[in-house]
Amino acid sequence: MSAAAPSHAAAHVAESAERRWAIIVVAIVAVLVAITVVTGLHWAAMPPSRVETVDVKTLHLKGEFVESNLGTELAADGKVTVRLVAQQYSFQPQCLVVPADTPVTFRATSTDAIHGFVVGTTNANTMLVPGFVATFTTSFRKTGEQLMPCHEYCGTGHEAMWARVQVLPRDEFLSKARGAERLSCVPGK
Amino acid sequence: MFRASKLVLAHFWVAFVAFLAAACLGEWQMFVRSPLSPWIANPEHYYRSVTAHGTVMGYVLPTLVAMGFGYATCELALKRALTGLRWAWAGFWLVIAGTAMAAATVGAGKASVLYTFYPPMIASPFYYLGVVLVVVGSWIWVAIMGVNVYAWKRENPGRTVPLAMYGNVAGAFLWFWTSLGAALEILLLILPAAFGWTDTINAGLARVFFSWTLHAIVYFWLVPAYVAFYTIFPRAIGGRLYSDAMGRVAFALFLVFSMPIGIHHLFADPQVGAGFKFVHATMTAMVSVPTFLTVFTIVATAEVAARLRGGRGLFGWVKALPWDEPMMLALAFSFVMLGFGGAGGLINMSYQLNETVHNTQWVTGHFHLIFAGAIVIMYFMIAYDLWPALTRCAPLPRGAIKAQLWLWFVGMLVLTLPWHWVGLLGMPRRMAYYDYADPALAAQAWTVTASTIGGALVLASVALFVGILATARRGVAAPAPYTFARPVHEAPVPRALNGFGLWVAMMVVLTVVNYGYPIAQLASLKDASVPVIPIGTR
């Protein structure tokens, strides 16, 4: 290497190559951010977005997370809401029923540790932090049964904490969901 | 000249012995949950092991390597005796005491909370105190790095701080500010609960504090590897660094953008609103800039060296690189894994794509590939490169080193690529066993076996690494003068890139802006405090 004495021409070439690359990098980052903004606004594709608290000490006694209100609700206006509670080491209810090709809103919380769940190969994925209500809306394209494991370490029984989700054709779901009852696929219910 | 060699060796030896032990635990974890083994009788043992593995790999190994490399750089790059040698030893013993205390507590089964803590689960206070001692010991190192660079600047007015020192000091300052998040979480929220002074804890707030540390700690892990890219690799392949200034820009950008992005770990969390999630996602895109710049500079460095060795053609010069040189091999492996891991990282940090992979086995694959794969392979090279200067040993066996690197590279890919794949299929993390009798999981069973095989290769590589260092014949060679790489063009750098004031100020301001409101909001929520869950017996 004999380039110890800086040759100005060579230094200039090196610097302009470097500058071109820096511009490309900034462009890559700008494109990534632009994609995020466009899909966020245009598709309303966003992570869970609001901060809502719930008192863990009373949530099993009153409010929307009492046992009789857990499961899938088909409201009069056609909105589908799934309410569930996670605790060491199960979900309540253990088997969820949802319609395909329909926006489904999940509302869930934890009564003790931090839990979370992901539904099979779908994008339904959230953390459950005690004291907070996780809310997100998604829709399921494929019918059939999917596994729904707890995906956050919640104690020694974490590995045994699995629920199931049955995605029914929309018509079948509508014919089952009548009245004010809450739907689930827990055997014997 | 090398007054601190004993100190540096002490750091490295403790780091690497702990590393070997934690690698054994990791491989045991892979085996015990694979179809090769029956279900574990007591899952608690699995989580105990995960806690120990994570604590050593996340806190002990990188901290000790960064500290040892930092002290070595003070003497080798600044060419002056280390100021504060006694304090450095004090810091070392604090780290040792903390590691021992945390290890004993984890081993006794009183702290199976994983290294990410996860309140409202609360472990024995001795686990957290152990982690605090490790961190406080490392803060002494931060101060010593600052004192040494300041003293050098006073003795050498107008001269440019050597790049190796600039990078390591940036890493030290980054670490101090990074570790503050977890320190606040432990001191304000966890320890009062661990000591039994309070029965409730704000789990959402604790997670936000931890996210402040959780992402930026990765850049603390990464700085020694990047210092090796910029200041060891060019010399090792017989070339010169393409651009010294770009190295400084990269380290400065890491300081600025490492911290205010941690909430991208909380995209799926209910305790942070969409606004701050978006801001952190955008800033995370910015933190890819220093890596993009580094890849360009280092590849250009290699190309210049290859062309001077007679390399020709658009890509033909690659053949002219000194592939016989272990450092060349390590860099190529590191960049391949950095490429895969970085691409996966861009998916994780994406505001939308994250939902597909959030908290699945994909994430485990991602951070093993990028930390263990791309970064730890450079820790190996730092140790190999410094060893003759530290121990006056005979040249290390190149064949064994190359075999070790190959084992690491192949093992890491076989370990982590199946994790990425099943992550996409929704396989959850941190499972002590899987029910392979379930048809949905039966199809994924082979991937766990594959990862177990990858883990075995990795473990063999770690054992070989420790063996090469342990069997080096000490004291037989004259102390070789150690040098860092020189740049192709030695131009003066702008003042801002010879100091840290501007970057540290930006780091603090951006962190306060991006974390201030979420922390204040969560701290003021009443319902958010939930009962603690004691782990082990208090």
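As the structure is a prediction and not an experimental result, all values here were calculated from the model. (Residues numbered from 1 in each chain as written. Chains lettered and ligands numbered in written order. Predicted model: local features only at pLDDT ≥ 70, side-chain atom pairs only at ≥ 80, totals over all residues.)

Draft legend 1. Molecular detail of the overall build of chain A. What chain A contains, in helices and strands, is two helices and ten strands. Mapped from its N terminus to its C terminus, chain A presents α and β elements in the order α-β-β-β-β-β-β-β-β-β-β-α. In terms of overall dimensions, chain A is more spread out than a globule: its C-alpha atoms have a radius of gyration of 24 Å, far above the 16 Å expected for 189 residues. Dimensions along the principal axes, computed over C-alpha positions, put chain A at roughly 85 × 40 × 30 Å. Evaluated residue by residue, chain A yields a buried proportion of 40% over its 189 residues. Restricting the contact set of chain A to residue pairs at least 6 apart, pairs at least 24 apart contribute 62%. (Helix = DSSP H or I, 4+ residues; strand = E, 2+ residues; numbered from the N terminus. Rg over C-alpha atoms; globule rule 2.2 N^0.38 Å. Buried ≥ 20, exposed ≤ 12 C-beta atoms within 10 Å, placed from the backbone. Contact = placed C-beta atoms within 7 Å.)

Draft legend 2. Summary view of the packing of helix α5 (residues 163–194) of chain B against helix α8 (residues 244–257) of chain B. Residues and elements named next belong to chain B. Axis separation between α5 and α8 bottoms out at 9 Å; the angle between their running directions is 5°. Our classification of the angle between α5 and α8 gives roughly parallel. Every residue of α8 that contacts α5 at Leu163, Tyr166, Gly167, Ala170, Phe173 and Leu174 is listed here: Asp244, Gly247, Arg248, Phe251, Ala252, Phe254 and Leu255. For the contact of α5 with α8, the per-class residue count stands at nine nonpolar, two polar and two charged. (Axes fitted to C-alpha atoms, helices over the stretch in contact; angles between N-to-C directions. Parallel < 35°, antiparallel > 145°, perpendicular 65-115°, else oblique. Nonpolar A, V, L, I, M, F, W, Y, C, P; charged D, E, K, R; others polar.)

Draft legend 3. Looking closely at unusual backbone geometry. The omega torsion across Gln88(A) and Tyr89(A) is 0°, close enough to zero to call that bond cis. Among the secondary structure elements, Tyr89(A) is positioned in the loop between β2 (80–87) and β3 (90–92). Pro120(B) follows Pro119(B) through a cis peptide bond whose omega is 20°. By secondary structure assignment, the location of Pro120(B) is in the loop between α3 (85–107) and β1 (121–122). Phi at Lys79(B) takes a positive value of approximately 55°, unusual for a residue other than glycine.

Draft legend 4. Broad picture of the environment of Leu174(B). All names here are of chain B. With respect to the secondary-structure elements, Leu174 resides in helix α5. On a C-alpha basis, the gap between Leu174 and Ala216 in space is 7.9 Å, while along the polypeptide they are 42 residues apart. Apart from the residues within four sequence positions on either side, Leu174 is in contact with Ala216, Tyr219, Phe220, Val223, Phe254, Leu255 and Ser258.

Draft legend 5. Representation of the interface of chain B and chain A within the structure. The interface is formed by 62 residues belonging to chain B together with 53 residues belonging to chain A. Of all the secondary structure elements, the ones that give two or more residues to the side of chain B that touches chain A are α2 (43–78), α6 (203–231), α9 (274–308), α11 (354–357) and β3 (529–531) of chain B. Top contributing element to the side of chain B that touches chain A by residue count: α9(B), with twelve residues. Of the residues in the side of chain B that touches chain A, the class split is 35 nonpolar, 17 polar and ten charged.

Draft legend 6. Expanded view of the sheet that holds strand β9 (residues 144–149) of chain A. All names here are of chain A. One open sheet accounts for three strands, arranged β4-β10-β9; its pairing is mixed. Across the chains shown, the open sheet's two edge strands, defined by having one partner strand only, are β4 (95–99) and β9. Ignoring which end each strand starts from, the neighbouring axes of this sheet average 25° apart. With six bridges connecting them, β9 and strand β10 (residues 162–168) associate as antiparallel partners. (Pairing = 2+ DSSP bridges.)

Draft legend 7. Just the nonpolar core, in detail. Residues and elements named next belong to chain B. In terms of nonpolar packing, the biggest core is built from 239 residues, with Ala170, Leu174, Ala330, Ile375 and Ile377 touching the most fellow members. With 22 residues, the single largest contributor to this core is α6. In terms of nonpolar packing, the next biggest core, distinct from the first, is built from six residues, Trp362, Val363, Trp419 and Val422 among them. (Core = buried A, V, L, I, M, F, W, Y, C linked by C-beta atoms within 7 Å.)

So far we have only geometry, and geometry alone does not tell us how the molecule works.
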